[in-house]
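Take a look at the letters that make up each chain.
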Amino acid sequence: MKKKSFLSCTMLCCIVLFSTIPALSSGDGMGSLNVDIEISATALHEWMPSVTYNPIENEFLVLWHTTGVREEGGESMYSLHAQRISPDGTLLEDTFSPLTSVGPGRRLLPKAAHNIFTNQYMVTFCMEQTGTGWDPFITLIESDGTILSGPLVLSEKPTNANHPFIAFNSTRREYLVAYNDSRNGEHDIFGVILNEEGSVVKEDFAICTAEGEQQNPFVYYNPKNDTYLLNWEDFRNVSTWTEPGDIYGILLDGEGNVLAKDIPMVDFGNEDEGGQWLNNIAYNFVKNEFLVSWMDTRPSMENVGIVGRIIKHNGVPGGPDFTLVDDAPGGQFWHQALYLQGKNMYCAVWQDGRNDDPDVDIMQPTNSDIYGKFLSPAGTPVGSEFPICTDENNQKYTVLAYSPLMDRLLIAWRDELEEEVLDGGGSGHVTASGGNIMGKIYGVPSFLTFRVLDQETGDPVKGALALVLGRTMPTMKTTNVGGWFNIAKNAQPEGTYVVVLLKFGYHMTSQLVDYTGTALQKTIQMNRWR
Ligand SMILES: [Ca+2]
Ligand SMILES: [Ca+2]
Ligand SMILES: [Ca+2]
Ligand SMILES: [Ca+2]
């Protein structure tokens, strides 16, 4: 043991020494890796993808629902589907369904939240049942897609619940699911808190029951304060959701109690107010504040654009709202934004009409595309907007998730198809059309990606120090919660490298690897002291 300790000390001294050497010049940047993925292109009509990143397995989960090409009320009409995707864009195993069976009811809008403690996903969706109509459900699945429990109905009322959204509470190891339903007449926002086994902790409770319609809740969990920020489309000031509404929000504590109620995220009552729909929330871990954003039709916009606002951790606006995306011709709307840890930037992706016929109705586009941009923590542009998909016809409903380990985004969307047989309904109030789910890995290429596992248990070894030495400056990394570390490609010369791993309680481990110019991917096992 003494000899090992001496070796470890020597290594640590080396690390201290090496860490004083300045870093190499910048390597390949964001977007140098750009991989197109056909996620699902069956004869069914694929709709509305959602994407979740799993830091334990270092992979993405994409969920969607399908319609069409089936008998009315038949077994698999409106079914749910899932696909695991690696950070290099490889489809992992086959598509699977997060439901054990498919009944006669239609089901749609699946969204997942990942639990880093159990490495499971809770999936929420809406399903149509005889007697009660649309109800919100959850199901619990393993990271490999194995179904553990569910479907469990969260609220069974004949009130057309819809637009479910889910967030994981990493402090309490619970989930909050929010949705809208009309048990009180017009749509209100309700929620349920569940534990990580899928049992209800706080039964179906009212989140916003203001006058008029409130719908389409978005939920973000803030682990620093153990709070949830929600926002939704709010039509308290108009007669229905097709008229120009607003975005309101609420701040809840970890138990679901109200901390700040009726947060008007967009100011109502000014001349330039316009209509707001399609809300989003991103969370800046460093500043402990939120970027909320939405589609906006205010008269000062060129056509339709995206507007955002900083909301502080206590629910108070950090300043006035500002234009996030509006520079190009045509409409920019269906969007998602998130914060990129480590980069200290936001990324937004959206459906863009700049390449479409200028006279086209925004709701009936003929050539919409997907674009993206990076933004500073204050919401100002970083670099120029970049095209993500400008293929013929319509690309819509774009979403994204981020792997901080790989510094890569998975961006997914629906590619509308004219040639697919149009048989069967659309998706809710959305017009029927054929389509597929397509995607892109957009990010930074790798030099080396390793996963470190305990030899005995096979569990990830997190917090291990990894030192990579060779024909370039030494690089030091720490393994993440899944035992992974990754080094970005940075003009490393081909040749032999040595990877040294250190962690208290484990024998020092080293491995020689040959780098031939293509990304190295390996698993290393570490042995515990005895
Ligand atoms: Ca209401
Ligand atoms: Ca408004
Ligand atoms: Ca297009
Ligand atoms: Ca299809």
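Reading guide: rules and limits
- Residues numbered from 1 in each chain as written.
- Chains lettered and ligands numbered in written order.
- Predicted model: local features only at pLDDT ≥ 70, side-chain atom pairs only at ≥ 80, totals over all residues.
- Helix = DSSP H or I, 4+ residues; strand = E, 2+ residues; numbered from the N terminus.
- Rg over C-alpha atoms; globule rule 2.2 N^0.38 Å.
- Buried ≥ 20, exposed ≤ 12 C-beta atoms within 10 Å, placed from the backbone.
- Contact = placed C-beta atoms within 7 Å.
- Domains from an automatic or database assignment.
- Nonpolar A, V, L, I, M, F, W, Y, C, P; charged D, E, K, R; others polar.
- Pairing = 2+ DSSP bridges.
- Axes fitted to C-alpha atoms, helices over the stretch in contact; angles between N-to-C directions.
- Core = buried A, V, L, I, M, F, W, Y, C linked by C-beta atoms within 7 Å.
- pLDDT = per-residue confidence, 0-100.

Trainee: Whenever I open this one, the overall build of the protein confuses me. Can you help?
Mentor: From N to C terminus, the protein includes one helix and 35 strands. The globule rule puts the C-alpha radius of gyration for 530 residues at 24 Å, and the 24 Å found for the protein is close to it. Across the 530 residues that make up the protein, the buried fraction comes to 47%. The long-range fraction of contacts in the protein, counting pairs at least 24 apart against all pairs at least 6 apart in sequence, stands at 54%.

Trainee: How should the environment of Asn 436 be read in this particular structure?
Mentor: Along the chain, the position of Asn 436 falls in strand S28 (residues 434-443). Sequence-wise, Asn 436 and Trp 47 are 389 residues apart; in three dimensions their C-alpha atoms are separated by 7.3 Å. Not counting chain neighbours up to four residues away, the residues in contact with Asn 436 comprise Ser 40, Ala 41, Glu 46, Asp 415 and Leu 417.

Trainee: I tried to follow the domain arrangement of the protein on my own but got confused; where do I start?
Mentor: As a measure of interface size, the accessible area lost when the parts come together is often cited. Looking at the protein, the domain boundaries give domain 1 (2-27 + 446-526) and domain 2 (33-443). Computed from C-alpha atoms alone, the centre-to-centre distance between domain 1 and domain 2 is 37 Å. Between domain 1 and domain 2, the residue contacts involve eight residues of the former and eight residues of the latter. For the side of domain 1 that touches domain 2, the element with the most residues is strand S32 (residues 484-488), which contributes three residues. For the side of domain 1 that touches domain 2, the class distribution of residues is four nonpolar, four polar and no charged.

Trainee: Explain unusual backbone geometry here, please?
Mentor: Trans is the common state for peptide bonds, and a negative phi is the common state for residues other than glycine. Residue Pro 151 is reached from Gly 150 by a cis peptide bond, and omega for that bond is 5°. Summarising the element assignment, Pro 151 is placed in strand S9 (residues 147-153). One non-glycine residue, Asp 226, lies in positive phi territory at about 50°. Among the structural elements, Asp 226 can be located in the loop between strand S14 (214-222) and strand S15 (227-234).

Trainee: Is there a simple way to explain the sheet that holds strand S1 (residues 33-40) in this structure?
Mentor: Two orientations exist for strands paired in a sheet by backbone hydrogen bonds: parallel and antiparallel. Read from one edge of the open sheet, four strands run S1-S28-S27-S26, paired in antiparallel fashion. Edge positions in the sheet fall to S1 and strand S26 (395-403), since each of these pairs with one other strand and no more. Across the sheet, the mean angle from the axis of one strand to that of its neighbour is 20°, orientation sign disregarded. Judged from the seven bridges that link them, S26 and strand S27 (residues 408-417) form a sheet pairing that is antiparallel. Looking at S27, one finds that Lys 396 is bridged to Arg 414.

Trainee: Explain the environment of Gly 31 here, please?
Mentor: The topology assignment puts Gly 31 in the loop between helix H1 (2-18) and S1. On the basis of neighbour counts, which here come to 15 C-beta atoms within 10 Å, the residue Gly 31 falls in the partly exposed class. Ignoring sequence-local partners within four residues, the contact set of Gly 31 consists of Phe 386 and Tyr 442.

Trainee: What is the right way to look at the sheet that holds strand S29 (residues 446-454) in this model?
Mentor: Strand order in the open sheet formed by three strands is S32-S29-S35, and the pairing between neighbours is mixed. The outermost strands of the open sheet, each flanked by one partner alone, are S32 and strand S35 (520-526). In this sheet, neighbouring strand axes are inclined to one another by 15° on average, regardless of whether the strands run parallel or antiparallel. Pairing of S29 with S32, which is carried by five bridges, proceeds in the antiparallel orientation. Residue pairing for S32: Ser 446 is matched across the bridge by Ala 488.

Trainee: It is not clear to me how the pairing of S32 should be interpreted in this structure. Could you clarify?
Mentor: For a regular strand, side-chain orientation follows a simple rule: the groups alternate between the two sheet faces. Among the five residues that make up S32, five are buried, leaving the element largely enclosed by the rest of the structure. Neither face of S32 is exposed, since Trp 484, Asn 486 and Ala 488 on one face and Phe 485 and Ile 487 on the opposite face are all buried.

Trainee: How should I be thinking about the nonpolar core in this particular structure?
Mentor: Here is a general trend for soluble globular proteins: nonpolar side chains tend to be buried in one another's company. Grouped together as the largest cluster of nonpolar side chains are 110 residues, with contacts concentrated most on Val 62, Ala 167, Val 177, Val 219, Leu 400 and Leu 410. If you look at the next biggest cluster of nonpolar residues, it comprises 22 residues, including Phe 450, Ala 466, Phe 485 and Met 526.

Trainee: I'm lost on the confidence of the model for the protein in this one. Help?
Mentor: Residues shown with low pLDDT carry predicted positions that ought not to be read at fine detail. Overall, the predicted model of the protein reaches an average pLDDT of 91, with 91% of residues at or above 70. Low pLDDT, under 50, characterises residues 1-6; the predicted model gives this stretch two contacts beyond four residues in sequence or across chains.

Trainee: Mind showing me how you'd approach the environment of Phe 137 here?
Mentor: Positionally, Phe 137 belongs in strand S8 (residues 133-142). Residue class for Phe 137 comes out buried when judged on the 26 C-beta atoms lying within 10 Å of it. C-alpha separation for the pair Phe 137 and Ile 193, spaced 56 residues apart in sequence, amounts to 12 Å. In this structure, Phe 137 is in contact with Thr 124, Phe 125, Cys 126, Met 127, Gly 150, Pro 151, Leu 152, Val 153 and Leu 154, ignoring residues within four places of it in sequence.

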